[in-house]
Amino acid sequence: MRPLNVQIRLGNLRHNYRILKEMHGGKLLAVVKADAYGHGAVRCAFALADLADGFAVATIDEGIKLRESGITNPIVLLEGVFEASEYEAVEQYSLWPAVGNQWQLEALLSRHWKKPVKVWLKMDSGMHRTGFFPHDYASAYAALKQSEYVDSIVKFSHFSCADEPESGMTEIQMEAFDLGTEGLEGEESLANSAAILNVPEARRDWGRAGLALYGISPFGGGDDRLKPVMRLSTRIFGERVLQPHSPIGYGATFYTSKSTRVGLIACGYADGYPRRAPTNSPVAVDGKLTRVIGRVSMDMMTIELDASQEGLGHEVELWGDTVNINTVAEAAGTIPYELMCNIKRAKFTYIE
């Protein structure tokens, strides 16, 4: 069997949730959209069910999957519905929909709900993706507040640059949110992972923990408070020694500068490892760092082995405990979200 393995350490997930909730205070949503960032939404939700104040997903299908699997915690639909008919499932599965534009608002208000619904009303405080502009927010809020079908309203927005502390954009967005919601009662939610970790003023009634929940710093590098949940590993299944000035891989993009031990490992871009990861991207053999050499192939990669490293049959960590996924992502010109969400053709093992 091909030795590409993903370990999901659910104990680390629970640790991270506790740390983030303590930092944020109040209530904390565990964001499990995109199959829990590639970690497995159902398994992660069950691991957190006795801790989490609620979960957040992007789409109604993701919410229904959690409900039909037995999750009873509150579930927020961060993108709301995509068509008015989906409000039927919102009610059937007791979901909390976000409302971020006029048609979502009108469709919700025109429906005859059997039971009043809790609404997350989104403001566009500066990201300009979705949400009501600050000057339109109070009127949208008033329309919901006057409806007999609305139980309560959570006021929320999303930061565009919380992982860039020097940009000043987060402060601008908080000011816009606070001015636009002035005098409007109800709970609030502003802090994403980066703001939970670094912006105390954004810690309101509800936090939303995404990337940091999975043990990854939104600021790059590592964070000693968090433990990585996903560990991707494979094994060396081929080994050879190449003489100086020997090319390796497609395009002959790498030439050896000396006599070089080369290990062949079972992982490639068809498995979700980024093809654009360059030579020098880090990997670890039995806990000792080394590097990728040559171009990443569809199913295989080549790595450098020094004289002291073990070879054939030995484990190679692609990211996890020794290799920081932020380092891999930066080398490949991407972000850790993309790496985690793209992993496939691997055997997943869940460790309590």
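Residues numbered from 1 in each chain as written. Predicted model: local features only at pLDDT ≥ 70, side-chain atom pairs only at ≥ 80, totals over all residues. Heavy atoms only, no water.

If you check an unreviewed UniProt entry, the protein chain appears there as Alanine racemase from Neisseria polysaccharea. Taken verbatim from the UniProt record of the protein chain, the Pathway (unreviewed entry) comment is "Amino-acid biosynthesis; D-alanine biosynthesis; D-alanine from L-alanine: step 1/1." (UniProt positions renumbered as here; feature names shortened; annotations may be inferred.)

Draft legend 1. Geometry of the packing of helix α1 (residues 10-24) against helix α3 (residues 41-48). Across the interface, α1 lies against α3 with an axial gap of 9 Å and an inter-helix angle of 55°. As far as their axial angle goes, α3 and α1 are oblique. The handedness of the crossing between α1 and α3 comes out as right-handed. Across from Leu10, Leu13, Arg14 and Tyr17 in α1, the residues of α3 making contact are Arg43, Cys44, Ala47 and Leu48. Along the lines of polarity and charge, the residues of the contact of α1 with α3 split into 6 nonpolar, no polar and 2 charged. (Axes fitted to C-alpha atoms, helices over the stretch in contact; angles between N-to-C directions. Helix = DSSP H or I, 4+ residues; strand = E, 2+ residues; numbered from the N terminus. Parallel < 35°, antiparallel > 145°, perpendicular 65-115°, else oblique. Left-handed = near helix turned anticlockwise from the far one by under 90°. Contact = heavy atoms within 4.5 Å. Nonpolar A, V, L, I, M, F, W, Y, C, P; charged D, E, K, R; others polar.)

Draft legend 2. Seen up close, the packing of aromatic side chains. Under the definition given, this model contains 7 aromatic pairs. Measuring from centroid to centroid gives 5.6 Å for Tyr37 and Tyr337, while their planes differ by 35°, and the two rings are tilted. You can see Tyr37 sitting in helix α2 (residues 33-38) and its partner Tyr337 sitting in helix α11 (residues 336-342), a full 300 residues away along the chain. Among the residues examined, Tyr337 registers a relative accessible area of 34% and is labelled partly exposed. Ring pairing ties together the aromatic residues Trp96, Trp120, Phe156 and Trp206, which thus form one cluster. (Phe/Tyr/Trp six-rings, centres within 6.5 Å; stacked < 30°, edge-to-face > 60°. Buried < 20%, exposed > 50% of the residue type's maximum accessible area, 1.4 Å probe, protein only.)

Draft legend 3. Examining unusual backbone geometry more closely. One non-glycine residue, Ala252, lies in the positive phi region at around 45°. Of note, Ala252 is situated in the loop between β11 (247-248) and β12 (254-255). Its relative accessible area of 29% is what places Ala252 among the partly exposed residues. Unlike most non-glycine residues, Asp286 shows phi in positive territory, near 50°. Positionally, Asp286 belongs in the loop between β14 (282-285) and β15 (288-291). Under the relative-accessibility criterion, Asp286 is labelled partly exposed at 42%.

Draft legend 4. Summary view of the nonpolar core. Of all hydrophobic cores here, the largest spans 109 residues; its most connected members are Phe55, Leu66, Tyr273, Leu318 and Trp319. Among the elements that line this core, the one with the most residues is α3, at 6 residues. Residue contacts for Phe55: discarding those within four places in its chain leaves Leu29, Ala30, Val32, Ala45, Leu48, Ala49, Leu66, Ile71, Asn73, Pro74, Ile75 and Val76. Counting residues in hydrophobic clusters, the runner-up holds 5 residues, among them Ile248, Phe254, Val262 and Ile293. (Core = buried A, V, L, I, M, F, W, Y, C linked by side-chain atoms within 4.5 Å.)

Draft legend 5. Spatial organisation of the side chain of Lys118. Tracing the backbone through its elements, the reader meets Lys118 in strand β6 (residues 117-123). For Lys118, a relative accessible area of 13% translates into the label buried. Within the local environment of Lys118, its side chain forms a polar contact with the side chain of Glu187, the two groups lying 3.1 Å apart. (Polar contact = N/O pair within 3.5 Å; in protein donor to acceptor, adjacent residues only side chain to side chain.)

Draft legend 6. Region of interest: the pattern of salt bridges. In this structure the tally under the stated criterion is 22 salt bridges. Notably, a salt bridge pairs Arg225 with Asp223, separated by 2.8 Å at the nearest N-O pair. Among the residues examined, Asp223 registers a relative accessible area of 16% and is labelled buried. The salt bridge partner of Arg231 is Glu317, with a shortest N-O separation of 2.6 Å. Of this pair, Arg231 sits in strand β10 (residues 230-242) while Glu317 sits in strand β17 (residues 315-319), and the two are 86 residues apart along the sequence. A residue is classified by how much of its surface remains accessible, and Arg231, at 12% relative accessible area, is buried. Given the relative accessible area of 3%, Glu317 is considered buried. One network of salt bridges, in which partners are shared, links Arg2, Asp271, Asp299 and Arg345. (Salt bridge = Lys/Arg side-chain N within 4 Å of Asp/Glu carboxyl O.)

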